[in-house]
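Reading the structure
Here's the letter readout for the chains.
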Amino acid sequence: MAEVEETLKRIQAHKGVIGTIVVNAEGIPIRTTLDNSTTVQYAGLLHQLTMKARSTVRDIDPQNDLTFLRIRSKKHEIMVAPGNL
Amino acid sequence: PPPRVREGPCGSTSPPDKGGRGPAARPPPPAGTMEIVYVYVKKRSEFGRQCNFSDRPAETNVDIQPDPSQARNFIERDPIDAAIQCASDMSEHEVNTERFEMENEGVNHLEGGWPKDVNPLEMEQTIRFRKKVEKDENYVNTIIQLGSLMEHCIKQNNAINIYEEYFDDEETADIADEPPSAKTINVFRDPNVIKRTATHLSWHPDGSKKLAVAYSSLEFQRSSKDMSYESYIWDLENPNRPDLVLRPSSTLVSLEYNPKDSHILVGGCYNGQIAYWDTRKGGQPVELSTVEFSHRDPVYGMIWLQSKTGTDCFSASTDGQVLWWDIRKLTEPTETLVMDISRKGVLENALGAIALEFEPTMPTKFMVGTEQGVVITCNRKAKTPAEKIVGTYSGHHGPIYALARNPFFPKNFLTVGDWTARIWSEDSKESSIMWTKYHMAYLTDGCWSTIRPVVFFTTKMDGTLDVWDFLFKQNNPSLSVKVCDEPLFSLRLQDNGRFIGCGSKLGTVTLLEVSSGLCTLQRNEKNVATAMFERETKREKILEARHREMRLKERTKAEGKEEDVKVETEEETPEELLARVQKEFFEIIEAEIRRKERAAKLSRAQVAQRPGLPKGWGVAL
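Residues numbered from 1 in each chain as written. Chains lettered and ligands numbered in written order. Predicted model: local features only at pLDDT ≥ 70, side-chain atom pairs only at ≥ 80, totals over all residues. Heavy atoms only, no water.

Per an unreviewed UniProt entry, chain B goes by the name Dynein axonemal intermediate chain 2 and belongs to Terrapene triunguis. Under the Subcellular location (unreviewed entry) heading, UniProt states for chain B: "Cytoplasm, Cytoskeleton, Cilium axoneme". (UniProt positions renumbered as here; feature names shortened; annotations may be inferred.)

For chain A, the name recorded in an unreviewed UniProt entry is Dynein light chain roadblock, with Terrapene triunguis as its organism. Per its UniProt entry, chain A bears the Subcellular location (unreviewed entry) comment "Cytoplasm, Cytoskeleton". Under the Function (unreviewed entry) heading, UniProt states for chain A: "Acts as one of several non-catalytic accessory components of the cytoplasmic dynein 1 complex that are thought to be involved in linking dynein to cargos and to adapter proteins that regulate dynein function. Cytoplasmic dynein 1 acts as a motor for the intracellular retrograde motility of vesicles and organelles along microtubules."

Listed below in structure tokens is the structure:
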């Protein structure tokens, strides 16, 4: 339990990191450092996008799997590390 | 030698006549020509008879036999390359489908995914659920693993910016080679059945993603009952449907976004009232000025002023008044000014104002372009109304539809009216320093480019948009684009200098993008432009001085008795003017009679050629 806290704190402490959200398989945000409405929005949208990205990678090559997803935009970069579910 | 033709009955020899029908005798055709002509003669009484068909055996008319001796002129070719393909024949077709109407709508994402027993609105339940998830062992492992993955990527990002622009400073070398061009990006049409003219355009102040267009019918008494009063704000992404519909009580002639607050717009109506809108509050005007204190004619010009509150604006109309308003209180104007150049404030003598010009860097001065072709400069902070009107510039033959100061050289301004566009310098009041040639169609609107000091745009009644680069070419526009077939009435350049919106008579607003050569500052352009403006201003000053000298000389020569040089007549009432004219007339007559006695021929020639008469003379001597 303490390791989880430590990991999340470490990630948040890095330079340039604006916020961190942990989302479970159903798209429910478990842990977040942002405000509620933003979290809900990000969780819902990114969850679907990650599922779609993963299924795309898998469709092309079933042996393959999605390891990381980066969405680079004009203002920020959203980085998604998908779990194994 | 040409092949010989056996000439049959259609040739020169004619068979014997058969009752009036048959080929007439004709002279034989000249040798070497092959005529296949059949001439026949028909009796008048036989015209209109039904056709009588009959069978006839086949006749050989021409028979060209092969001539083996010709083969010697040709060489046999062996082998021959022939391309064949065993594929199905394809043909290309184009079909234009009906325009697909798309609409962008947002979906509100509510929290979802919570299991049935947890109510997402209840804080306790959600917290409890979250705690339960966090205790799961799988969760801990996953987080640690993903955490290390994420950290790796974050460190990557921080170590080096892989998307860094390395050669940012090196601009593309020479854009001068590319000829100027303009591309239509989008077209916004008036959705109403009865089309109205797009009389004024205003870009949204932040980012220019929206365009507000005022629609009205400017033709005298041509607006029908069914014509809608609405004006629209268009979003550039969606040309099919306006973003917001503004519903004034009378059609809008001019419309402007507040440069400080992008939600506020002020509009001048056809009936002279002023209205202001807040886009957050919908399409009905928030407030309307009272009819008694508004203008009496359509409000053609409307500009926001720079003030601390950001709520001041002023308007101009052809009824001869310029009114200042504070939009918080539109019941009456805060200030009025009558455009009477005799400085007496008499409304009957006032000139109708059409174009307004205001530069935020010079907040006390403003200029008004009138229906009579005169530009009036005014000083807002003068103490008496008479002093408010500082000077006039006349030179146009018709109403001045557009008036704009050059953003880089505020002393020079552009006026667009009748068939020309003229550039003026504030110092030379007698005439413009530079002007375009007289065109075949009226010029309706114009504006300077915001990036290049010597480029300006004009629109004409024949539907063309002209882009002038005055440093490069002065006798013709650098680029002339035919935007549409109907007349163009209004023009507005976006702040980045690249996009232009033009409004036409049928309410179609076309958005064009100009090529980069016309909207990037060339090297050394400012210096050359400064030199050009100064040179032209100096030229005008010299000409003015010479004219003045000539006039002075003529006057002192001809009217030796006149003591002082009177100021031009515009300050006198008509009665005084008439009396003075009469007096001068008789004086001159007497002077001439005397001179005639002295030197008859010379004085008659002088009189006939006198150009320096004071204004007000309508008499030919």
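Describing the overall build of chain A
Scanning chain A for helices and strands turns up 2 helices and 4 strands. Taking all 85 residues of chain A together, 32% fall into the buried category. Long-range contacts, defined as pairs at least 24 residues apart, comprise 17% of the intrachain contacts of chain A with a sequence gap of at least 6. (Helix = DSSP H or I, 4+ residues; strand = E, 2+ residues; numbered from the N terminus. Buried < 20%, exposed > 50% of the residue type's maximum accessible area, 1.4 Å probe, protein only. Contact = heavy atoms within 4.5 Å.)

Considering the overall build of chain B
When helices and strands are tallied, chain B shows 6 helices and 28 strands. Taking all 621 residues of chain B together, 40% fall into the buried category. By sequence separation, contacts in chain B at least 24 residues apart represent 50% of the contacts at least 6 residues apart. Entry remark: accessible area of chain B is about 39,000 Å², with carbon and sulfur atoms responsible for 53%. (Areas by Shrake-Rupley, 256 points an atom, 1.4 Å probe, with all protein chains shown as cover.)

A few points about the interface of chain B and chain A
Each side of the interface is counted separately: chain B has 29 residues, and chain A has 29 residues. Interface area, chain B with chain A, both sides summed: about 2,700 Å², of which 64% is carbon and sulfur. Seen at the junction of chain B and chain A, the total is 2 salt bridges. At the boundary of chain B with chain A, the tally comes to 9 residue pairs in polar contact (both at pLDDT 80 or more). Counting only elements with at least two residues in the side of chain B that touches chain A, the list comes to helix 1 (123-135) and helix 2 (137-159) of chain B. (Buried area = accessible area lost by both parts, 1.4 Å probe. Salt bridge = Lys/Arg side-chain N within 4 Å of Asp/Glu carboxyl O. Polar contact = N/O pair within 3.5 Å; in protein donor to acceptor, adjacent residues only side chain to side chain.)

Describing the pattern of salt bridges
Following the criterion strictly, the structure yields 30 salt bridges over all chains and no others. One salt bridge connects arginine 54 of chain A with aspartate 65 of chain A, and the closest N-O pair in it is separated by 3.3 Å. In this pair, arginine 54 of chain A is assigned in helix 2 (residues 36-60) and aspartate 65 of chain A in the loop between helix 2 and strand 3 (69-72), connecting sequence segments 11 residues apart. Residue aspartate 65 of chain A is classed as partly exposed on the basis of its relative accessible area of 31%. In this structure, the salt-bridge partner of glutamate 540 of chain B is arginine 539 of chain B, at a minimum N-O distance of 3.4 Å. Given the relative accessible area of 5%, glutamate 540 of chain B is considered buried.

Re the pairing of strand 4 (residues 77-80) of chain A
Residues and elements named next belong to chain A. Relative to strand 4, strand 3 runs antiparallel, the two being bridged by 4 bridges. Across the sheet, residue arginine 70 finds its bridge partner in strand 4, namely methionine 79. Taking the residues between adjacent antiparallel strands as the criterion, strand 3 and strand 4 are bridged by 4 residues. (Pairing = 2+ DSSP bridges.)

Some remarks on the packing of aromatic side chains
Residues and elements named next belong to chain B. Enumeration according to the criterion identifies 17 aromatic pairs over all chains in this entry. Measuring from ring centre to ring centre gives 5.6 Å for phenylalanine 314 and tryptophan 324, while their planes differ by 10°; the resulting arrangement is stacked. Of this pair, phenylalanine 314 sits in strand 11 (residues 312-317) while tryptophan 324 sits in strand 12 (residues 321-326), placing them 10 residues apart in sequence. Ring geometry for tyrosine 393 against phenylalanine 413: centres 5.4 Å apart, planes inclined by 75°, an arrangement best described as edge-to-face. Remark: phenylalanine 413 occurs in strand 19 (residues 412-417) and tyrosine 393 occurs in strand 17 (residues 389-394); sequence separation between them is 20 residues. No difference in accessibility class separates tyrosine 393 from phenylalanine 413, as the two residues are buried. (Phe/Tyr/Trp six-rings, centres within 6.5 Å; stacked < 30°, edge-to-face > 60°.)

Side note on the sheet that holds strand 22 (residues 443-448) of chain B
Residues and elements named next belong to chain B. In space, the 4 strands of this open sheet follow the order 22-23-24-25, with antiparallel pairing throughout. Each edge of the open sheet carries a strand with a single partner, namely strand 22 and strand 25 (479-482). Here the strands of the sheet are splayed against their neighbours by 15° on average, with no regard to which way each runs. (Axes fitted to C-alpha atoms, helices over the stretch in contact; angles between N-to-C directions.)

Some words on the confidence of the model for chain B
Residues and elements named next belong to chain B. Overall, the predicted model of chain B reaches an average pLDDT of 80, with 86% of residues at or above 70. Across residues 563-571, where pLDDT falls below 50, the model places 10 contacts with residues more than four positions away in sequence or in other chains. Across the whole predicted complex the pTM is 0.59, and at the interface the ipTM reaches 0.86. (pLDDT = per-residue confidence, 0-100.)

Details of a nonpolar patch on the surface
Side chains of Ile160, Ile162, Tyr163, Tyr166 and Phe167 of chain B sit close together on the surface and give an oily, nonpolar patch of about 670 Å² of accessible area. Structurally, tyrosine 163 of chain B is set in the loop between helix 2 and strand 1 (182-188). (Patch = residues over 30% accessible without salt bridge, like charges linked within 9 Å, V, L, I, M, F, W, Y side chains within 5 Å.)

A word on helix 2 of chain B
The end-to-end C-alpha distance of helix 2 of chain B, which contains 23 residues, comes to 33 Å, matching closely the 33 Å that a straight helix rising 1.5 Å per residue would cover. Tyr139, Val140, Ile143, Leu146, Gly147, Met150, Glu151, Cys153 and Ile154 of chain B are the residues of helix 2 of chain B that are buried. Against the buried residues of helix 2 of chain B lie helix 1 (2-13), strand 1 (21-23), strand 2 (29-32), strand 3 and strand 4 of chain A together with helix 1 of chain B. (Expected span 1.5 Å × (residues − 1).)

What about the side chain of histidine 204 of chain B?
Residue and element names in this part refer to chain B. Looking at the element boundaries, histidine 204 is found in the loop between strand 2 (197-203) and strand 3 (210-216). A relative accessible area of 14% places histidine 204 in the buried class. Leaving out residues up to four positions away in the same chain, histidine 204 has contacts with Lys209, Lys210, Tyr257 and Ser262.

Details of helix 1 of chain A
Between its first and last C-alpha atoms helix 1 of chain A spans 16 Å; for 12 residues at 1.5 Å apiece the expected length is 16 Å, and the two agree. When we look at burial in helix 1 of chain A, the residues that qualify are Val4, Thr7, Leu8 and Ile11 of chain A. Each buried residue of helix 1 of chain A sits inside an arc of 90° when the element is viewed along its axis, so together they form one side. Those residues of helix 1 of chain A that are exposed and aimed more than 90 degrees away from the buried face are Ala2, Lys9 and Ala13 of chain A. In this structure, the buried residues of helix 1 of chain A make contact with strand 1 and strand 2 of chain A together with helix 2 of chain B. (Arc of directions from axis to C-beta.)

Notes on the sheet that holds strand 12 of chain B
Residues and elements named next belong to chain B. Overall, antiparallel pairing links the 4 strands, which are arranged 10-11-12-13 in an open sheet. Across the chains shown, the open sheet's two edge strands, defined by having one partner strand only, are strand 10 (299-304) and strand 13 (335-338). Strand-to-strand twist of the sheet, defined as the mean angle between neighbouring strand axes without regard to direction, takes the value 20°. In terms of strand pairing, strand 10 meets strand 11 through 5 bridges, oriented antiparallel. Each bridged residue has a counterpart across the sheet, and for methionine 302 the counterpart in strand 11 is serine 315.

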